[in-house]
Amino acid sequence: MCGIVGYVGQPGAVDREYYALDVVLEGLRRLEYRGYDSAGVAVVAEGAVEHRKKAGKVAALDAELEASPLPHSILGIGHTRWATHGGPTDPNAHPHVVDNGRLAVVHNGIIENFSELRSELSQKGYNFVSDTDTEVAATLLADHYNKDAARDLTVAMRLTSQRLEGAFTLLAVHADHEDRIVAARRNSPLVIGLGEHENFLGSDVSGFIDYTKQAVEMGNDQIVTITAEGYEITDFEGNRAEGRPFEVKWDAAAAEKGGFSSFMDKEIHDQPAAVRDTLLGRLDEKGRLSLDEVHIDESVLRSVDKIVVIACGTAAYAGQVARYAIEHWCRIPTEVELAHEFRYRDPIVNEKTLVVALSQSGETMDTLMAIRHAREQGAKVVAICNTNGSSIPRESDASLYTHAGPEIAVASTKAFLAQITAAYLLGLYLAQLRGNMYADEIADVLDELQKMPEKIQEVIDAEEQVKKLGTDMSTSSSVLFLGRHVGFPVALEGALKLKEIAYIHAEGFAAGELKHGPIALIEEGQPVFVIVPSPRGRDSLHSKVVSNIQEIRARGAITIVIAEEGDESVKDYANHVITVPQAPTLLQPLLATVPLQVFACALAGAKGYDVDQPRNLAKSVTVE
Ligand code: F6R
């Protein structure tokens, strides 16, 4: 999704070796992980706005800047665009420059009433050179600036924001004002970074993490004007507002690949730490679970009669895993709903419903809209989220943060394991509160959870076998995944990873569903991953999956079986066995998912694809 950076410095105030363009380009590189298809920058120098923009990656913009350099400046904005209105072309890239080349605007989001505004502005005599909603917003801003705002950029932004519907972060610079950036946000991310005689704006803190750790979170429907010496926030009516200052805990190194071939590879290796850190600090001195962040009245939590987990994509699969555990531990009926479907099926939600929203980014618009809907119906919402200060936790009644650290690769890996871990903690917390489990039972599960980081590490240490399989199978045109119980969402996640980054047909099935149709797909040489539950769990579950392996093997499938150490029963029917350490059935997804991630990453790598930025995908989907 689009990335935005803004920078204002102060010439001569301190000895600095960089200019606005250096900061903005560095910020855009850091924000590349959000996914984009064009990039652009604008600077203001000597009373003029100059800009460059290019379809493609930041590297293409770099080449353009080398061929046609911009003047040194202390004021600049930059943008990486993920096309919504209008294709990924040079003219549609941001910034959009209007007002006879004097006003430059970058934008993230979608302006829903843009065609109505475009006709209105066309009637006033304005012409448009792109197909974008952004150019419409920029033109409206110019119109206000030159008319009713008396050339005050902040006032013009306020008047413009009042007219816009939809979601937007807008940043504007004008040739008349070499000292400021004016920005507005509604339902779209924007964070302020504070430096010494310099200030920053970013879609998230990665946009300025190389320069400062001091940041300020803005509220919705607010405008900020930043100069080198400060910032001022108002609402869309012009009333003064306060931001929430916070210190960024990530360091720049945390956002780097750390010597791995890709961010995805690095993030797969981050998983023991992601799970360990998510478990940290959740117990009180008596060893009881205490989730400080879940400050919803205990009586409300005790009266909950239904849980609805809302999420999209990988996060929804984490929710599906968690459902098995939550229902089992808490005896509360639990549904998992794709956020974008939830609102439209008129769900039965009321004040006895607990909605659990899972989101790595905290900015997924479908999930945000779903929680707003749930809260309107009286439900309480707990967000399980990886991004502090993002919209979903801000708009929830309580939040439980996963501590996976920044996830840069578009395909989610460590966030998935951390989401399962956090959702399990929530399930255990509810069971403790409602008295569904004895304290020693909860302590046993927590003990097992504490052992998981080490076991995940063991799976990672044995990754060479899986990498080789991925490379050897790089010419496969289809891979299937089977699982039962908690293994079913793991199979779905394995298939999603392969689709996303290797662009091959992959499907996950509930193993029991095979005979109802999918077994017809099995032919000689079809690779099929099978996630086998622990033989120490429910025997019927295990033996049924072993029978499934026999059935597909007999029809020519190449079977790649993920089974627990010591499970001898699968050997005769498996072409390849990947073993994972022993763990309770409900915790096995934290182990069995890892080889599937490694496989997809290796296979896509062998095909020569960019695993971190797969085609057509954005890291954070901030439009519905
Ligand atoms: C898949 C993936 C997506 C996200 C989904 C939700 O690898 O990354 O399916 O899981 O877009 O994103 P968040 O968790 O940010 O709400």
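Note that the structure is predicted; figures quoted are calculated from it, not measured. Each chain carries its own residue numbering, running from 1 in the direction its sequence is written. Whole-chain, interface and lining totals are the exception, using all residues; otherwise, since this is a predicted model, local features are given only for residues with pLDDT of at least 70 and side-chain atom pairs are given and counted only at 80 or more. For the side-chain quantities, the full set of heavy atoms in the structure was used; hydrogens and water were omitted.

A. Inspection of the overall build of the chain at higher detail. Helix and strand counts for the chain come out as 18 helices and 25 strands. Each radius of gyration reported is based on C-alpha atoms, and the globular scaling rule is 2.2 Å times the count of residues to the power 0.38. Relative to the compact-globule value of 25 Å for 624 residues, the chain shows a C-alpha radius of gyration of 26 Å, a close match. Projected onto the principal axes, the alpha-carbon positions of the chain cover approximately 75 × 55 × 50 Å. Exposure categories follow from relative accessible area, calculated using a 1.4 Å probe and restricted to protein chains: below 20% of the type maximum is buried, above 50% is exposed, and the middle band is partly exposed. Here the chain, with 624 residues, has 60% of them falling under the buried criterion. Only heavy atoms enter the contact rule, under which two residues are in contact if any of them lie within 4.5 Å. Put simply, 71% of the contacts in the chain that link residues at least 6 apart link residues at least 24 apart. By definition, any uninterrupted DSSP run of H or I lasting at least four residues is a helix, any uninterrupted run of E lasting at least two residues is a strand, and each is numbered from the N terminus.

B. Just the site of the ligand, in detail. Being near a molecule or strand, for a residue, means having at least one of its heavy atoms within 4 Å of it. Around the ligand there are 15 residues in total, and Ser359, Gln360, Ser361, Thr364 and Ser412 lie nearest to it. Side-chain polar atom of Ser359 to an oxygen atom of the ligand: 2.6 Å apart, as the coordinates give it. Any pair of N or O atoms that falls within 3.5 Å is considered a polar contact. Within protein, one atom must be able to donate a hydrogen and the other to accept it, and sequence-neighbouring residues count only if both atoms are side-chain atoms. Contacts to the ligand include Thr364, whose side-chain N or O atom sits 2.5 Å from an oxygen atom. Isolated, the ligand exposes 410 Å² of accessible area, and the fraction of that covered by the protein chains is 90%. For the shell around the ligand, the elements supplying multiple residues, two or more each, are helix 9 (313-330) and helix 16 (487-502). Each residue gets one label: Ala, Val, Leu, Ile, Met, Phe, Trp, Tyr, Cys and Pro are nonpolar, Asp, Glu, Lys and Arg are charged, and the others, such as Gly, are polar. Here the shell around the ligand is built from residues that sort into 5 nonpolar, 8 polar and 2 charged. Where accessible areas are quoted, they stem from the Shrake-Rupley method and a 1.4 Å probe; at the residue level, only the protein chains shown are allowed to cover.

C. Layout of the side chain of Ser188. As for its position among the elements, Ser188 is in the loop between strand 8 (181-186) and strand 9 (191-194). Side chain to side chain, Ser188 and Thr169 meet in a polar contact 3.0 Å long. The residues contacting Ser188, other than those within four sequence positions of it, are Asn108, Ala167, Phe168 and Thr169.

D. The packing of aromatic side chains, seen in detail. Only rings of Phe, Tyr and Trp enter the pairing, Trp through its six-membered ring, and a pair is recorded when the two centres are within 6.5 Å. The plane angle decides the type: under 30 degrees is stacked, over 60 is edge-to-face, the rest tilted. In total, this model carries 10 aromatic pairs according to the counting rule given. Between Tyr7 and Phe200, the aromatic rings sit 5.3 Å apart at their centres with planes inclined by 55°, giving tilted as the arrangement. You can see Tyr7 sitting in strand 1 (residues 3-8) and its partner Phe200 sitting in strand 10 (residues 199-202), a full 193 residues away along the chain. Here Tyr7 and Phe200 have matching classes, each one buried. Between the aromatic rings of Tyr503 and Tyr609, the centroid separation amounts to 4.6 Å while the plane-to-plane angle is 40°, which identifies the pairing as tilted. With a gap of 106 residues between them, Tyr503 in the loop between helix 16 and strand 22 (505-510) and Tyr609 in the segment after helix 18 (589-606) connect regions that are remote in the sequence. A connected cluster of aromatic rings, assembled from ring pairs, spans Tyr7, Tyr18, Phe200, Phe208 and Tyr211. For a ring to carry a charge above it, either NZ of a lysine or CZ of an arginine must fall within 6 Å of the ring centroid while also lying within 35 degrees of the normal to the ring plane. Geometry around Tyr324 places Arg323 over its ring, the cationic atom sitting 5.9 Å from the centre.

E. Summary view of the sheet that holds strand 14 (residues 240-241). Spatially, the 7 strands line up as an open sheet ordered 5-6-7-8-12-13-14, and their pairing is antiparallel. Since the sheet does not close on itself, it has two edges, and those belong to strand 5 (96-98) and strand 14, each with one partner. Bridge count between strand 12 (residues 222-227) and strand 13 (residues 230-235): 6 bridges; the pairing is antiparallel. Residue pairing for strand 13: Gln222 is matched across the bridge by Asp235. Against the sheet, helix 5 (residues 153-163) engages strand 6 (103-111), strand 7 (166-174), strand 8, strand 12 and strand 13, with an angle of about 20° to strand 8. Paired strands are those between which DSSP finds at least two bridges. Interaxial angle, 0 to 180 degrees, is taken between N-to-C directions of lines fitted to C-alpha atoms, where a helix line uses only the stretch in contact.

F. How the structure looks around the environment of Gly202. With respect to the secondary-structure elements, Gly202 resides in strand 10. The class of Gly202 is buried, set by a relative accessible area of 0%. Counting along the chain gives 67 residues from Gly202 to Glu135, while the straight-line C-alpha distance between them is 20 Å.

G. Representation of the environment of Gly608. Along the chain, Gly608 turns up in the segment after helix 18. A residue is classified by how much of its surface remains accessible, and Gly608, at 62% relative accessible area, is exposed. The spacing of Gly608 and Ile371 is 237 residues in sequence and 39 Å in space, taken between C-alpha atoms.

H. Molecular detail of the nonpolar core. Remark: nonpolar core denotes a set of buried residues (Ala, Val, Leu, Ile, Met, Phe, Trp, Tyr, Cys) joined through side-chain atoms within 4.5 Å. Formed by 94 residues in total, the largest nonpolar core has its most connected members in Trp329, Tyr424 and Leu498. For the domains described, the bounds stem from an automatic or database domain assignment. Two domains share this core, each providing at least three of its residues, namely domain 2 (266-459) and domain 3 (462-606). Counting residues in each nonpolar core, the second largest holds 27 residues, with Leu103, Leu141, Met157 and Phe168 among its members.

I. Examining the pattern of salt bridges more closely. The salt bridge criterion pairs a side-chain nitrogen of Lys or Arg with a carboxyl oxygen of Asp or Glu, the two atoms within 4 Å. If you walk through the whole model with that rule in mind, you get 30 salt bridges. Here Glu463 and Lys467 are joined by a salt bridge, their closest N and O atoms 3.4 Å apart. With a gap of 4 residues between them, Glu463 and Lys467 both fall in helix 15 (residues 463-472), about one helical turn apart. Overlapping salt bridges, with partners in common, bring together Lys306, Glu335, Glu337 and Arg345 in one network.

J. Up close: the sheet that holds strand 1. Across the sheet, which stays open at both edges, the 8 strands sit in the order 3-2-4-1-10-9-11-15 with antiparallel pairing between neighbours. Edge positions in the sheet fall to strand 3 (48-55) and strand 15 (244-247), since each of these pairs with one other strand and no more. Strand-to-strand twist of the sheet, defined as the mean angle between neighbouring strand axes without regard to direction, takes the value 20°. Sitting on the sheet, helix 2 (residues 58-67) is in contact with strand 2 (38-45), strand 3 and strand 4 (75-81), with an inclination near 135° to strand 3.

K. Quick peek at helix 14 (residues 439-461). What a helix is expected to span follows from its residue count: subtract one and scale by 1.5 Å. With 23 residues, helix 14 ought to run about 33 Å at 1.5 Å a step, and its terminal C-alpha atoms sit 34 Å apart, in line with that. Of all the bends in helix 14, the greatest reaches close to 35° and is centred on Met452; the proline Pro453 follows between one and four positions later. Regarding helix 14, the residues found buried are Ile442, Val445, Leu446, Leu449, Met452, Pro453, Lys455, Ile456, Val459 and Ile460. One axis is fitted to the seven residues ending at the residue and one to the seven starting there. The bend at that residue is the angle between these axes.

L. Quick peek at the side chain of Gln360. Positionally, Gln360 belongs in the loop between strand 18 (353-359) and helix 11 (365-376). Residue classification places Gln360 among the buried positions, given a relative accessible area of 13%. Here the side chain of Gln360 touches Asn386 through a polar contact of 3.1 Å, side chain to side chain. The contact partners of Gln360, leaving out residues within four places of it in the chain, are Cys385, Asn386, Thr387, Glu407, Ala415, Gln419 and Lys619.

M. Region of the structure containing unusual backbone geometry. With omega at 5°, the peptide bond leading from His94 into Pro95 counts as cis. Among the structural elements, Pro95 can be located in the loop between strand 4 and strand 5. Even without being a glycine, Ala150 presents a positive backbone phi close to 50°. One can find Ala150 in the loop between helix 4 (133-146) and helix 5. For Ala150, a relative accessible area of 63% translates into the label exposed.

N. Summary view of the domain arrangement of the chain. Under the domain assignment, the chain is made up of domain 1 (3-247), domain 2 (266-459) and domain 3 (462-606). The straight-line distance from the C-alpha centre of domain 1 to that of domain 3 is 47 Å.

O. A negative patch on the surface, seen in detail. For patch detection, residues must exceed 30% relative accessible area and be free of salt bridges, and they are connected within 9 Å for like charges or within 5 Å for nonpolar side chains (Val, Leu, Ile, Met, Phe, Trp, Tyr). Under the counting rule used here, the positive set is Lys and Arg, the negative set is Asp and Glu, and His together with the chain ends is not counted. In plain terms, the charge of a residue is placed at NZ if it is Lys, CZ if Arg, CG if Asp and CD if Glu. On the surface, a cluster of negative charge is made up of Asp440, Glu441, Asp444 and Asp447. Tracing the sequence through the fold places Asp440 in helix 14.

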